[in-house]
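Understanding the architecture of this molecule
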Amino acid sequence: MSSVRPDVSQVLARLAAGVVGGWAFTWGFVTLGIVALVAVGMSYHDAELLVYLLAFLLYLALLCWAFAVRSLARLWLTIGGGAALMSGAAWLAAGAMA
Amino acid sequence: MFATFRLGMTWLHTWFGLVLGFVLMVVFFFGALSVFDREIDRWSVPASRFEPQPLPSFDRLLAPVFERIVPDAPDLAAARDRVTGPLPATLPVMDYSVYTTHRDPVLQLYTSFGLPNARDPGDHIHGHVTLDPRTGAELPAQARKLGSEFFYPLHYGLHLEWKELGYWIVGLAALGMLAALVSGVMIHRRLFRELFTFRPRASTQRSVLDLHNLTGVVALPFHFFFALTGLVIFAGIYFPAGTTVLRPLHDADERREAALTGLPLEPSGIAAPLAPVDAMVADAQRRWQARGMAGEVGFLFVNHVGDAAATVSVYRAGTDRVTLTGEGIHYRGSTGELLREDPPQGVVGGINDFLTGLHLQHFRHWPLRWLYFLGGLAGCACIATGFLFFARKRRERHAAQGAGGLRLVEALSVATVAGMGVATAALLVANRLLPQTLADRATVEESVFWLTWLATLGHASWRASPRQPLRPWIEQCAALAVLTLLAVALNAVTTGDALWRTLAAGDWAVGGVDLALLGFALVAALVARRLRRLERDRRASVAGALPKGFAGDAGRA
């Protein structure tokens, strides 16, 4: 398997998508998740704990997926789009709820 | 980018494993040592070699000590950059806390101090002392508890405090490790069979890979669990939602909680003395007993010290269960009247307390504690054999191509695995040799550790040669064996606690550390011997004179 020689730009693009993009996507999940759970009546503390328990499994799945998915465009669109949508929604909702 | 899914996973496993392996080795090794941090504390601070004690009287013994605590000097120096004006000579005291476990002979006392004119209004710093609870005497500040104050923070933060950089590096490594575990499972078709496969007499490359798979697979659930819960424990650092975008939500919930519990968030500004705390502790213990869970105090917290809004919270030590709940009982500080008993945890909190409790292990269960220790070391073995496999697979090809990167990888591997052990053993030797009265003792000890580690990297780069690639490994393993033996001998000479005496007296804390050191010495010596034989065989085979009955690594890979 030492013949595996992916080109550097591909690796960097996937690494960035998995690590940085994955963090941003998970951040969106964490903030939106807490907001949603608080909105349905859970205490902030419990909501935070529950979301944290799931967050790293999600982050891990994203990281692995970044190296498994074929299309780089689809990877970046999903991760970037999801991160932006969820973070934005959480930010707006938190402002409205406070 | 990869022809198949498996090739993608192989790439992920190889490179995440290699790059993050250097960090993970540190996390695993010092995590394994942290399992016995309190025992290493006793080994490194001879004045604390006595039986663990229950919490002594707060009113008679602890209160006067709390009043003497001043901010830790490095904390105070760092805080000067976080305030807009000059700091007053004495800072306002915010809270007192004292923490102990069933493994602590000595007590940790902490005081928080507010920072007037701080940019962040909630900003504060700490001061702490370590106390002999039998007499109330403070342990000298230069006596560094190596287990809980040096190895343990190294395990989760690498002692890189700037911007919490160490936490982020460890977190990234933990995430990468989870990815390496997942991809490792993906690239192994016969996972179950590998549980039972170790061929120590087969070709070296084969037995190194067997050992890598064995240690990786046997302890897989253990390693997955620890990396994941480690991340969850510090999730507030990695995803600080409550202190940033969700701060309004978080603060609103905190105020609602304060109204519900009757535990004020802010001081009233009216001075008031503290009622006898011992009576509150006794009352809390009666209440635990009434619930059928009599126990010792593990954590005591006095909030808003000296204020009419002061509260005293008493938490139970989690000696007898895995989960981390403290059954907190809270009192009004000025009167001693009961304010609140913590209700049973909800489902989410209960799961979280159980998972973090399983990681942090406050419970009393010595066989399990040793299994944790061995699980951590199995992780070290998995990473070390991964390094060896990586290097051996590429050595000939890179030599033929004239590529130099592998030499750096090999030097880093030697320094990360063997060199880290050598530096740790050197630290223990320094701990026994430096005079107790030396003013900068803790700093000197730490310098010995870091400089020795750096020296092992220098040694590994200097002694490695394409003709004898294993020489740095052999020499550092030998050094590790000698230094660990020396540490055991010095412990006997400088403290009189020779191994046979501590074991005869039933002092398993100090005797156990000595025993573990002897175990490390034995393993290091065996590894050095095995590698030396390999190196000899290899040279012989390179010279074309293959010895009779040779079962080395040349023919059968």
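These figures come from a predicted structure and were not determined experimentally.

Cut-offs and rules
- Residues numbered from 1 in each chain as written.
- Chains lettered and ligands numbered in written order.
- Predicted model: local features only at pLDDT ≥ 70, side-chain atom pairs only at ≥ 80, totals over all residues.
- Heavy atoms only, no water.
- Helix = DSSP H or I, 4+ residues; strand = E, 2+ residues; numbered from the N terminus.
- Rg over C-alpha atoms; globule rule 2.2 N^0.38 Å.
- Buried < 20%, exposed > 50% of the residue type's maximum accessible area, 1.4 Å probe, protein only.
- Expected span 1.5 Å × (residues − 1).
- Bend = angle between axes of the 7 residues up to and from the residue.
- Core = buried A, V, L, I, M, F, W, Y, C linked by side-chain atoms within 4.5 Å.
- Polar contact = N/O pair within 3.5 Å; in protein donor to acceptor, adjacent residues only side chain to side chain.
- Contact = heavy atoms within 4.5 Å.
- Pairing = 2+ DSSP bridges.
- Axes fitted to C-alpha atoms, helices over the stretch in contact; angles between N-to-C directions.
- Lys, Arg positive; Asp, Glu negative; His and termini not counted.
- Salt bridge = Lys/Arg side-chain N within 4 Å of Asp/Glu carboxyl O.
- Domains from an automatic or database assignment.
- Patch = residues over 30% accessible without salt bridge, like charges linked within 9 Å, V, L, I, M, F, W, Y side chains within 5 Å.
- Areas by Shrake-Rupley, 256 points an atom, 1.4 Å probe, with all protein chains shown as cover.
- Phe/Tyr/Trp six-rings, centres within 6.5 Å; stacked < 30°, edge-to-face > 60°.
- Lys NZ or Arg CZ within 6 Å of the ring centre and 35° of its normal.
- Disulfide = S-S within 2.5 Å.
- Parallel < 35°, antiparallel > 145°, perpendicular 65-115°, else oblique.
- Nonpolar A, V, L, I, M, F, W, Y, C, P; charged D, E, K, R; others polar.
- Buried area = accessible area lost by both parts, 1.4 Å probe.

A look at the overall build of chain B
- Within chain B one finds 19 helices and seven strands.
- Taken against the 2.2 N^0.38 rule, which gives 24 Å for 557 residues, the C-alpha radius of gyration of chain B at 27 Å falls within 12% of a compact globule.
- Each principal axis of the C-alpha distribution contributes one length, and for chain B these read about 90 × 60 × 55 Å.
- Residue burial in chain B is summarised as follows: out of 557 residues, 51% are buried.

Digging into helix α15 (residues 405–433) of chain B
Residue and element names in this part refer to chain B.
- The end-to-end C-alpha separation of α15 is 39 Å, in line with the 42 Å expected for 29 residues at 1.5 Å each.
- Taking the largest bend as the criterion, α15 deviates by roughly 40°, centred on G419.
- In terms of burial, α15 is a largely internal element, 24 of the 29 residues being buried.

Observations concerning the nonpolar core
- With 119 residues, the main nonpolar core has I34(A), F56(A) and F30(B) as its most contacted residues.
- The element contributing the most residues to this core is helix α1 (residues 5–34) of chain B, with 17 residues.
- Ranked by size, the runner-up nonpolar core spans 27 residues in total, among them L62(B), F66(B), I69(B) and V277(B).

What to know about the side chain of E327(B)
Residues and elements named next belong to chain B.
- Residue placement: E327 occurs in the loop between β5 (311–316) and β6 (329–332).
- Looking at E327, the relative accessible area reads 18%, which means it is buried.
- There is a polar contact of 2.8 Å between the side chain of E327 and the side chain of R291.
- Residues within four places of E327 in sequence aside, it is in contact with W288, R291, M293, V314, R316 and R321.

Here we look at the sheet that holds strand β7 (residues 338–341) of chain B
Residue and element names in this part refer to chain B.
- Strand order in the open sheet formed by seven strands is β3-β2-β1-β4-β5-β6-β7, and the pairing between neighbours is antiparallel. The outermost strands of the open sheet, each flanked by one partner alone, are β3 (124–131) and β7. Put simply, the sheet's adjacent strands are angled 15° from each other on average, direction ignored.
- Bridge analysis of β6 against β7 gives three bridges, and the strand direction is antiparallel. The partner of H330 across the bridge, within β7, is R340.

Quick notes on the side chain of D41(B)
Residues and elements named next belong to chain B.
- Note that D41 resides in helix α2 (residues 37–44).
- Buried charge without a salt bridge: D41, with R38 as the nearest opposite-charge side chain at an N-O distance of 4.4 Å.
- At a separation of 2.9 Å, a polar atom in the side chain of D41 contacts the main-chain amide nitrogen of G147.
- Contact partners of D41, with chain neighbours within four places excluded, come to S48, K145, L146, G147 and S148.

Re the domain arrangement of chain B
- Segmentation of chain B into domains returns domain 1 (52–143 + 258–360) and domain 2 (404–557).
- On a C-alpha basis, the centres of domain 1 of chain B and domain 2 of chain B stand 41 Å from each other.

Overview of the environment of R70(A)
- Position of R70(A) relative to the elements: it lies in the loop between α2 (44–68) and α3 (72–97).
- Excluding its chain neighbours within four sequence positions, the residues that come into contact with R70(A) are R14(A), F2(B) and A3(B).

Thoughts on the pattern of salt bridges
Residue and element names in this part refer to chain B.
- Counted by the stated rule, this structure contains 24 salt bridges over all chains.
- E446 is paired through a salt bridge with R144; the nearest N and O atoms lie 2.3 Å apart. Of this pair, E446 sits in helix α16 (residues 441–463) while R144 sits in the loop between β3 and α5 (146–157), and the two are 302 residues apart along the sequence.
- With a shortest N-O distance of 2.8 Å, D320 and R316 are connected by a salt bridge.
- Here D320 falls in the exposed class, since its relative accessible area comes to 53%.
- Linked through salt bridges whose partners overlap, the residues forming this network are D283, R286, R287, R291, R316, D320, R321, E327 and E341.

Focus on a nonpolar patch on the surface
- A surface patch of nonpolar side chains, about 330 Å² in accessible area, is lined by W91(A), L92(A) and V245(B).
- Inspection of the secondary structure puts W91(A) in helix α3.
- Using a relative accessible area of 56% as the deciding quantity, one classes W91(A) as exposed.

Observations concerning the environment of E475(B)
All names here are of chain B.
- Counting through the fold element by element, E475 comes out in helix α17 (residues 471–495).
- Taking the C-alpha atoms as reference, E475 lies 53 Å from M94; in sequence the two are 381 residues apart.
- Ignoring any residue separated from it by four or fewer positions in sequence, one finds E475 in contact with H459 and R463.
- Side chain to side chain, E475 and R463 meet in a polar contact 2.6 Å long.

Digging into the packing of aromatic side chains
- The full count for this structure, using the stated rule, is 39 aromatic pairs over all chains.
- Residues F56(A) and F239(B) carry aromatic rings whose centres are separated by 5.6 Å and whose planes lie at 55° to one another, so their mutual orientation is tilted. Within this pair, whereas F56(A) is found in helix α2, its partner F239(B) is found in the loop between α10 (235–238) and α11 (247–261), the two belonging to separate chains.
- On the accessibility criterion, F56(A) (2% relative accessible area) is buried.
- Residue classification places F239(B) among the buried positions, given a relative accessible area of 0%.
- Pairing F449(B) with W450(B) gives two aromatic rings, centres 4.9 Å apart and planes at 80°, and the pair type is edge-to-face.
- The positively charged end of R369(B) is found above the aromatic ring belonging to W366(B), 5.6 Å away from the centroid.

Thoughts on the state of the cysteines
- Overall, the coordinates contain zero disulfides over all chains when judged by the stated rule.
- No disulfide involves C64(A); its sulfur sits 16 Å from that of C382(B), the nearest cysteine.
- Residue C380(B) stays outside any disulfide, its sulfur separated by 9.9 Å from that of C382(B), the closest cysteine.
- Judged by its relative accessible area of 7%, C380(B) is buried.

Here's the deal with the packing of α2(B) against α5(B)
All names here are of chain B.
- Closest axis-to-axis distance for the α2/α5 pair is 7 Å, and the angle between their directions is 125°. Looking at the two axes, α2 sits oblique to α5. Along the contact surface, α2 presents D37, R38, I40, D41 and S44, while α5 presents L146, G147, S148, F151 and Y152.
- Here the contact of α2 with α5 is built from residues that sort into four nonpolar, three polar and three charged.

Some details on the interface of chain B and chain A
- On the chain A side, the residues contacting the 44 residues of chain B number 41 residues.
- Taking both partners together, chain B and chain A bury about 3,800 Å²; carbon and sulfur atoms supply 82% of that area.
- The interface formed by chain B and chain A holds zero salt bridges in total.
- Where chain B packs against chain A, one counts four residue pairs in polar contact (both at pLDDT 80 or more).
- Elements represented by at least two residues in the side of chain B that touches chain A include exactly α1, α6 (165–187), α9 (220–233), α10, α11, α13 (347–360) and α14 (366–401) of chain B.
- Sorting elements by how many residues they give to the side of chain B that touches chain A places α1(B) first, with nine residues.
- Tallied by class, residues from the side of chain B that touches chain A come to 31 nonpolar, eight polar and five charged.

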